[in-house]
Amino acid sequence: FEDWENPKGGYVNCTCTWGLFRDRNVTLRKPVRIYHGVSDPSMKGWVKEFDDSPVLNWWEKDSECDKLGGFDGATLPPGLDQSDTVQMFISLMCRKLDLVFEKEVLYENNLVANRYVPPLNAMGSHFDSDPDRRNEKNKCYCVDGFPCMKTGLLHMGPCKRTPSLPTGAPMALSYPHFYQADKHYLDAVDGLSPDKESHEFYLDLNPELGIPLAIRPRFQLNVIINRDESIPIMSKFQRELVLPFLWAQDGFDAPSPEMASAIRTGLDIPSKGKRLVGVVLLALGAGMLISSLVWILWYMRPRASTTIPTS
């Protein structure tokens, strides 16, 4: 590097052309502003701003793709039911992602969660010939100067642009092992075995409290390599080869025993509180009834007659 700056507690700034983990060795990140849900619980966790802006400035201008929205994965609103679509904002994926209900999952302490997963066309191309995979809403992720990818991939160049790198990074996002991606990408690379259990993105949500009991964001980063006739080893490549180089998963796949116990207690308190209030009111009513009976019996008791002597 020509220059390296590492201020204490700040961002790392280097003049390298591009690096996957550049600026990742400090804890500061672009700030995300979310609603706390005090006045409207249904908005709890909804992303309002990213990097102090209500738009991403990555995708088609004034489009739904470029607008901020979706829930932050760390906190969600209570009361979501199985008919709701849960939209998540994931900054590492440079986009929002819709999740739909798949099934109920049972965890420790008899905790029931609704599992939400991306639908088949969540990463679908707007020009896919398969109507089940085609997604017209993803058209606004295609930006001038960057090729539109087939189903299952998102060109990340627009969200990796900087003043010093106006073309962004030659990188594409997908699910691990090209899960649910166009067969074209899978056939071009050996050694991949897409599997639902190992590679699917999912969220298990407790509907009463809006607490994730499990969440597994899974994604794969791929480098986009164009054929170059001047380099012998690259002269036989496809015109455009998408080569996986890293896939990762975040989150957790089950609540800890302590977390499960705390959530169970939180769920039981309202019903126990109702019973306790009922018992207290019943005891109070019984006490008032007994007091009334005692007072009536005392008032109605036979009174001794008084004889007044005469002279």
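Here, the structure is the one placed above.
This is a predicted model, so every value here is computed, not measured.

## Let's talk about the side chain of His-199
(1) Moving on: With respect to the element layout, His-199 can be found in helix 2 (residues 196–199).
(2) Moving on: Note on His-199: relative accessible area 5%, which makes it buried.

## Focus: unusual backbone geometry
(1) Moving on: For Asp-62, which is not a glycine, the phi torsion comes out positive at approximately 65 degrees.
(2) Moving on: Within the secondary structure, Asp-62 sits in the loop between strand 4 (47–50) and strand 5 (86–90).
(3) Moving on: Judged by its relative accessible area of 66%, Asp-62 falls in the exposed class.
(4) Moving on: A positive phi angle, close to 65 degrees, is found at Cys-94, a residue other than glycine.
(5) Moving on: Relative to the helices and strands, Cys-94 is located in the loop between strand 5 and strand 6 (95–107).

## Here we look at the side chain of Asn-206
(1) Moving on: With respect to the helices, strands and loops of the structure, Asn-206 is situated in strand 10 (residues 202–206).
(2) Moving on: Classification of Asn-206 as buried rests on a relative accessible area of 1%.
(3) Moving on: A polar side-chain atom of Asn-206 sits 2.9 Å from the main-chain amide nitrogen of Leu-209.
(4) Moving on: Beyond its immediate chain neighbours, meaning those up to four positions away, Asn-206 contacts Val-112, Ala-113, Ile-211, Leu-213 and Leu-267.

## Overview of the state of the cysteines
(1) Moving on: Taken as a whole and judged by the stated rule, the model has three disulfides.
(2) Moving on: Across the disulfide, Cys-65 is cross-linked to Cys-140 (sulfur-sulfur distance 1.9 Å). Residues Cys-65 and Cys-140 are joined through a disulfide that is right-handed, its torsion about the S-S bond being 70 degrees. Highlighted residues: Cys-65 in the loop between strand 4 and strand 5 and Cys-140 in the loop between strand 7 (111–117) and strand 8 (154–155), separated in sequence by 75 residues. Considered together, Cys-65 and Cys-140 belong to a single accessibility category, that of buried residues.
(3) Moving on: The residue that forms a disulfide with Cys-94 is Cys-159, at a sulfur-sulfur distance of 2.2 Å. Classification of the bridge connecting Cys-94 and Cys-159 rests on its S-S torsion, roughly 70 degrees, and on that basis the disulfide is right-handed. Pair noted here: Cys-94 is in the loop between strand 5 and strand 6 and Cys-159 is in the loop between strand 8 and strand 9 (171–174), with a separation of 65 residues, a long-range link.

Calculation rules
- Note on numbering: residues in each chain are counted from 1, in written sequence order.
- In view of the model being predicted, local features appear only for residues whose pLDDT reaches at least 70, and side-chain atom pairs are presented and counted only at 80 or more, with totals across whole chains, interfaces and linings using the full set of residues.
- Note: side-chain values were computed over all heavy atoms of the structure, leaving out hydrogens and water.
- Note on conventions: DSSP H or I runs of at least 4 residues are helices, E runs of at least 2 residues are strands, and numbering of each starts at the N terminus.
- Each residue is assigned to one of three classes by its accessible area relative to the maximum for its type, calculated with a 1.4 Å probe on protein chains only: buried under 20%, partly exposed between the two thresholds, exposed over 50%.
- In protein, a polar contact means a hydrogen-donor-capable atom and an acceptor-capable atom, both N or O and within 3.5 Å, with residues adjacent in sequence counting only if both atoms are side-chain atoms; elsewhere, any N or O pair within 3.5 Å suffices.
- Contacts were defined at the residue level, with two residues in contact if any of their heavy atoms lie within 4.5 Å.
- For this text, the term disulfide refers to a pair of cysteine sulfurs within 2.5 Å.

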